[in-house]
Each structure stands twice: as structure tokens, then as C-alpha cells.
Amino acid sequence: MHAAPIQSEPRIVPPDGGDLFVTPEGTGDRFILDATDVGGAFSLVEHLLAPRALAAPLHLHTAEDEYSYVLEGEVGAWLGGHELVAGAGTLVCKPRGQWHTFWNAGDVPARVLEIISPGGLEVLFRTLDGLDEPPEPEQLARLAATYGCEVDMAGTGPIVERHHLVF
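Residues numbered from 1 in each chain as written. Predicted model: local features only at pLDDT ≥ 70, side-chain atom pairs only at ≥ 80, totals over all residues. Heavy atoms only, no water.

A.B. asks: When you look at the pattern of salt bridges in this model, what are you seeing that I'm missing?
C.D. replies: One side chain can pair with another of opposite charge once the charged atoms of both are near each other. Inspection of the entire model under this criterion finds 11 salt bridges. For Arg111, the salt bridge goes to Glu46, with nearest N and O atoms at 2.4 Å. In this pair, Arg111 is assigned in strand E10 (residues 110-117) and Glu46 in strand E3 (residues 43-49), connecting sequence segments 65 residues apart. By relative accessible area, which is 5% here, Glu46 ends up buried. In this structure, Lys94 and Glu114 form a salt bridge, with 2.7 Å as the shortest nitrogen-oxygen distance. Here Glu114 lies in strand E10 and Lys94 lies in strand E8 (residues 91-94), a separation of 20 residues in the sequence. For the pair shown, Lys94 and Glu114 are each scored as buried. (Salt bridge = Lys/Arg side-chain N within 4 Å of Asp/Glu carboxyl O. Helix = DSSP H or I, 4+ residues; strand = E, 2+ residues; numbered from the N terminus. Buried < 20%, exposed > 50% of the residue type's maximum accessible area, 1.4 Å probe, protein only.)

A.B. asks: How do you make sense of the nonpolar core when you look at a structure like this?
C.D. replies: Counting 10 residues, the largest nonpolar core consists of Leu49, Val70, Val75, Ala77, Leu79, Ala86, Val92, Phe102, Ala110 and Val112. Elements with a minimum of two residues in this core: strand E6 (74-79) and E10. Residue contributions to this core peak at 3 residues, all from E6. Among all residues touching Val70, those that are not within four sequence positions of it are Val75, Ala86, Gly87, Ala88, Gly89, Thr90 and Arg111. (Core = buried A, V, L, I, M, F, W, Y, C linked by side-chain atoms within 4.5 Å. Contact = heavy atoms within 4.5 Å.)

A.B. asks: Where do I start with the sheet that holds E3 in this structure?
C.D. replies: The strands that make up a sheet are held in pairs by hydrogen bonds between backbone atoms, and each pair lies either parallel or antiparallel. Strand order in the open sheet made by the 6 strands is E1-E2-E3-E10-E5-E8, with antiparallel pairing throughout. This sheet does not close on itself; its edge strands, each paired only once, are strand E1 (19-22) and E8. The mean angle between the axes of side-by-side strands here comes to 20 degrees, regardless of whether they run parallel or antiparallel. The pairing of strand E5 (residues 65-72) with E10 spans 7 bridges and is classified as antiparallel. Pairing of Glu72 across the sheet is with Arg111, part of E10. (Pairing = 2+ DSSP bridges. Axes fitted to C-alpha atoms, helices over the stretch in contact; angles between N-to-C directions.)

A.B. asks: Explanation requested: a negative patch on the surface in the structure shown.
C.D. replies: Negative charge collects at one region of the surface, where Asp132, Glu133, Glu136 and Glu138 lie side by side. Inspection of the secondary structure assignment puts Asp132 in the loop between helix H1 (122-129) and helix H2 (137-145). Exposure remark for Asp132: the relative accessible area of 82% places this residue in the exposed category. (Patch = residues over 30% accessible without salt bridge, like charges linked within 9 Å, V, L, I, M, F, W, Y side chains within 5 Å. Areas by Shrake-Rupley, 256 points an atom, 1.4 Å probe, with all protein chains shown as cover. Lys, Arg positive; Asp, Glu negative; His and termini not counted. Charge placed at Lys NZ, Arg CZ, Asp CG, Glu CD.)

A.B. asks: Which parts of the structure should I look at to understand a nonpolar patch on the surface?
C.D. replies: A grouping of Tyr67, Tyr69, Leu91 and Ile115 is seen on the molecular surface, where their side chains present a nonpolar patch of about 350 Å² in accessible area. Counting through the fold element by element, Ile115 comes out in strand E10.

A.B. asks: Explanation requested: the pairing of strand E2 (residues 28-33) in the structure shown.
C.D. replies: Along a regular strand, successive side chains alternate from one face of the sheet to the other. Taking burial as the measure, the 6 residues of E2 include 6 buried ones, the bulk of the element. Across 4 bridges, the pairing between E1 and E2 is antiparallel. Within E2, the position partnered with Asp19 by the bridge is Phe31. In textbook terms, the turn of a hairpin is the stretch between consecutive antiparallel strands, and for E1 and E2 this stretch comprises 5 residues, one of which, Gly26, has a positive phi near 100 degrees. Note: E2 against E3, 5 bridges, orientation antiparallel. Each residue of the ladder has a partner; that of Leu33, found in E3, is Leu44.

A.B. asks: What's the story with the state of the cysteines in this structure? I'm lost.
C.D. replies: In a disulfide, the sulfur atoms of two cysteines are covalently bonded to one another. Applying the stated criterion across every chain yields a total of 0 disulfides. Of all cysteine sulfurs, the one in Cys149 lies closest to Cys93, which takes part in no disulfide; the gap is 18 Å. The exposure class of Cys149 is buried, given its relative accessible area of 6%. (Disulfide = S-S within 2.5 Å.)

In C-alpha cells, the structure reads:
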């Protein structure tokens, strides 16, 4: 059995390449490679996090693993009931089927390079970035469910309060 080709032509994405979506507060995503660019194998997204910003509510994926490499700043994470703070140069692995969330744990902007494997979940991120207003919890849960994700808003509240986060 042969895997689908990752790409048919060499490709270079410059430092400012990809689609960028950023809120006025400085939180957002830069879509570097979508699953459609690489035969579905993975997607590559840079998350930009304003100080004390929560990236996503507590959630789990049923179909993807995420690998988050901290480029700048300090990123807090809640992984299966354990909390940690990861500094620049640290890789945080978030396996499918495990409840998790992450946030900027510092007072300066943070950047995270995330590989999602297999790809496709970046479409949900693009959908959320394209909304005019943040979704209501029920709308977010419905959108996430279409991508095989579950969201725990009740479990998110204590994390936001404990770390004085903005979501």
C-alpha cells in the first residue's frame, strides 16, 4: 500500500506566508500548511497567543494527535488532569482521546507551532477565526462535534479562573 504523495512540487513558505487571522488583542492563527497541501497527512498552524489568552476550551479530539512546539513565551497546558508550563523550545504532545487545553501563561505574547496529524482539523480553526463574534457555547460544541471533537465548557471555567485567563 502506498501513501498519498505529500506534495508534487517543492514548496517554500516564507516567514510571513500562509493565511493569517489575528484579533485586535493579538490572538490568532497562521495557517502554514493545510491538509489539502500535503495529501491529508498533517496540517501546520502557528498559534499566536496574547498574554493570558486561553487558546481553546477544554476539549478532546477523536481523530487527531497534536504536537505543539513553543516558539516564544510560556505556554500553560492542562493534559489529562495534569498542568504544566512549557517554555520556548519545548514540545507538548496532546494525543487523541485525551482532554486538554492550553494558554499563554505569561505577560508577553506567545507563539506555538502546531502539527496536527492527520490533518483536517485546521478547517475548524479557520471556521472559528472567520466568525464575526465568538460562538456561544452551544454553537461551539456543535461545530466541534462535526470534526469529532468534544468540548467541556464547565471544566474550562476553573482553569480560566485559576490562571486569570481571557477567553
